[in-house]
Amino acid sequence: MDIKAPDLGVDSAEVSEIMVEVGDVIAKDDNIILLESDKASVEVPSSAAGKVTKISVAVGDQVSEGMVLIELESEADNAESNVDTKENSAADEKQKADETAAKPETKPEPAATESASSDANDKPASNAGKSTTHALPDLGVDEAQVSEIMVSVGDIVTADQSILLIESDKASVEVPAPVAGKIEKILVQTGDMVANGQDFIIIMSSGADAADASESTSDSAEPKHSAPAKSEEKAAAKTTGEPKQAEKSTTPNAVASKQADKLTEAQVNEKLVDVYAGPAVRKLARQLGVDITQVNGSALNDRILKEDLFAHVKESLNTQKAAPASGNVASASLPSLPDMSNVEIWGETTTQDLSRLQKVSIPQLNYNTLLPQVTQFDLSDITETEKLRGELKGSMKAEGIGFTILAFVVKATAYALTQHPRFNSHLNDDNTQVILRKSVNMGIAVATDDGLIVPVIKNVQDKGLKQIAIEIGELAVKARDKKLTTKDLQGASFTISSQGNLGGTAFTPLVNWPQVGILGVSEASMQPRWDAKKQSFEPRLMLPLSLSYDHRVINGADAAVFTRYIATLLADPRRILL
């Protein structure tokens, strides 16, 4: 059974990656080949299930709609194919017979020919300026999302000019204008889910387009005469579109400057040819306004992953934001490093490159210099909690779950945040409102060889100790194996940084803007505590807590109450059940 290339929305596309091998058994809709062109990047799914017996294309080949990509071995499909072949043969014979019978009726009389020719000449004038509703072409998927609308009502467009960007899990396609003319109405909005054949735009065709339409539908129109006419008329249509562009260039200086800096579509397409990235990565780049050609890929053949794009985006955007801030706040920037080449003054020196993660983190860490941060310290008596953990640890270990005190800290903190929602919030840009988060997404700082990274556990308030322990372990492994996705790192509302058994009695964790708080946890130690009932000191296991907070949102008294509340919950987790 042949698996062929679907409608790609372009004449041809290049095979960027082959995702299967001969002998693989695949299911229907499994991705088999990645195709890329100037306007689209499409992961082509298999239209049937079976065993791959032959791959008909190679990386770098140009393919077009209907070209065979791979061959599958499937008995059911072969049987169906034989039946279809017979039916198609019968249908072809019937069609030929019908055409033969119809020929005498379709032969025009001379007078009729002259009349039709006259009508064809009159139609361009009468149809000029006609408004037409246009439907979306075949997108290759059942539905997709409108990611960007590239035109506005009133714009003059040329035929095949990109007017809409459609995104799905498998494809990223720029929809071209079906005709040249003036945009009268846009029937979809950014974010809408659209399907094949759905009406999406109304265009008032120019006279040239109306002439093209009438020529294509007129039986008397001859191809040799219509071809040059279409070329001239399309050129006229393009000329019609130029005054609108010139009109835009005469707007205020800021707009003119922005358009001058923007690359033309041809320049963008030329640059994107050398970019090796899938549709999901390209979509993320467009959403964040990043030139993907400036991103370095870390995968095989320099393919750009979401992680590469995320790191580049974070670094570039943070650098741009930090620049104006440092100009207004003297303490936000440091003077240049002195010349350290003088050995007599500085001694021998050497240089060591920072890891990519460390370099990306610097702009984010610089934000902390703009926050009025305060740290509150406290101790939690976790003697009884540690006994409970010890009782449960064996059964958890048998299931392959690492059950540390951190799971209790995460659960207690999440519950405390639901009772004190101001610590689970963000300060808005004009410093007039606090945005309260209804769910607790807990960032867990994880130390890796490349530096500190903070994956996020979502909706912790709804999860039990066992599930929290499982997710802590999974995220820690993914972080150290460098397999965290962008989704794993986004959306935190509060952060916990645990130093485990590394030592120390307390530290000052840095608030990770735009969050307003972070809880530091140091190594627990046995300390003497006074027992008023027994009138004696007893050894108790004490866990140091260090809460750093943004003083613009959190008052000192509230911070002390919040930290003490977490300490109380950790001393007796049963309080969470009340």
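Here we summarise the structure given alongside this text. (Residues numbered from 1 in each chain as written. Predicted model: local features only at pLDDT ≥ 70, side-chain atom pairs only at ≥ 80, totals over all residues. Heavy atoms only, no water.)

## What to know about the overall build of the protein
What counts is decided by this rule: Every helix listed is a DSSP run of H or I at least four residues long, and every strand listed is a run of E at least two residues long, numbered separately from the N terminus. Only protein chains enter the accessibility calculation, which uses a 1.4 Å probe; a residue is then buried when its area is under 20% of its type maximum, exposed when over 50%, and partly exposed in between. Accessible areas in this description were obtained via Shrake-Rupley with a 1.4 Å probe; residue shielding takes into account the shown protein chains only.
Secondary structure summary: the protein contains 14 helices and 27 strands in total. Counting over 578 residues, the protein shows a buried share of 35%. Just so you have it, the protein exposes about 33300 Å², and 51% of that area is on carbon and sulfur atoms.

## Describing the nonpolar core
Counted only if it meets this: Nonpolar cores are built from buried Ala, Val, Leu, Ile, Met, Phe, Trp, Tyr and Cys residues. Side-chain atoms within 4.5 Å join them into one set. Contacts are assigned to residue pairs with any non-hydrogen atoms lying within 4.5 Å of each other.
Within the largest apolar cluster, 49 residues are counted, with the highest numbers of intra-cluster contacts made by V410, M442, I496, L519 and L570. Broken down by element, this core gets its largest block of residues, 11 residues, from helix 12 (residues 405–419). The contact partners of V410, leaving out residues within four places of it in the chain, are M442, I444, V460, I468, I472 and I496. If you look at the next biggest cluster of nonpolar residues, it comprises 19 residues, including A5, V15, V20 and L69.

## Some points on the side chain of H426
Just so we agree on the cut-off: Side-chain atoms alone can form a polar contact between residues adjacent in sequence; in general such a contact is a pair of N or O atoms within 3.5 Å, and within protein one must be able to donate a hydrogen while the other accepts it.
Assignment of secondary structure puts H426 in strand 18 (residues 425–427). For H426, the side chain forms a polar contact with the main-chain oxygen of P514, separated by 2.8 Å. For H426, the contacting residues outside a window of four places in its chain are Q433, V434, I435, R437, A492, S493, P514, Q515 and V516.

## A closer look at the packing of helix 12 against helix 14 (residues 556–571)
Note the following rule: To get an axis, fit a line to the C-alpha atoms, keeping to the stretch in contact for a helix; angles then go from 0 to 180 degrees between the N-to-C directions. Between 65 and 115 degrees an angle is taken as roughly perpendicular, under 35 as roughly parallel, over 145 as roughly antiparallel, and anywhere else as oblique. For a crossing to be left-handed, the near helix must be turned anticlockwise from the far one by less than a right angle; the clockwise case is right-handed. Note on residue categories: nonpolar means Ala, Val, Leu, Ile, Met, Phe, Trp, Tyr, Cys or Pro, charged means Asp, Glu, Lys or Arg, and polar means any other residue, Gly included.
Here helix 12 crosses helix 14 at 135 degrees, and the two axes come no closer than 9 Å. Relative to helix 14, the element helix 12 lies oblique. Here the hand of the crossing between helix 12 and helix 14 comes out right-handed. Across the interface between the two elements, F408, V409, A412, T413, Y415, A416, L417 and Q419 from helix 12 touch F562, Y565, I566, L569 and L570 from helix 14. Each residue belonging to the contact of helix 12 with helix 14 can be placed in one class, and the counts come to 11 nonpolar, two polar and no charged.

## Observations regarding the sheet that holds strand 3 (residues 25–26)
In plain terms, the rule: Paired strands are those between which DSSP finds at least two bridges.
The sheet built from four strands is open, its strands ordered 1-8-6-3 with antiparallel pairing. Strand pairing shows two members of the sheet lacking a second neighbour, strand 1 (2–4) and strand 3, which therefore form its edges.

By themselves, these figures tell us nothing about what the structure is for.
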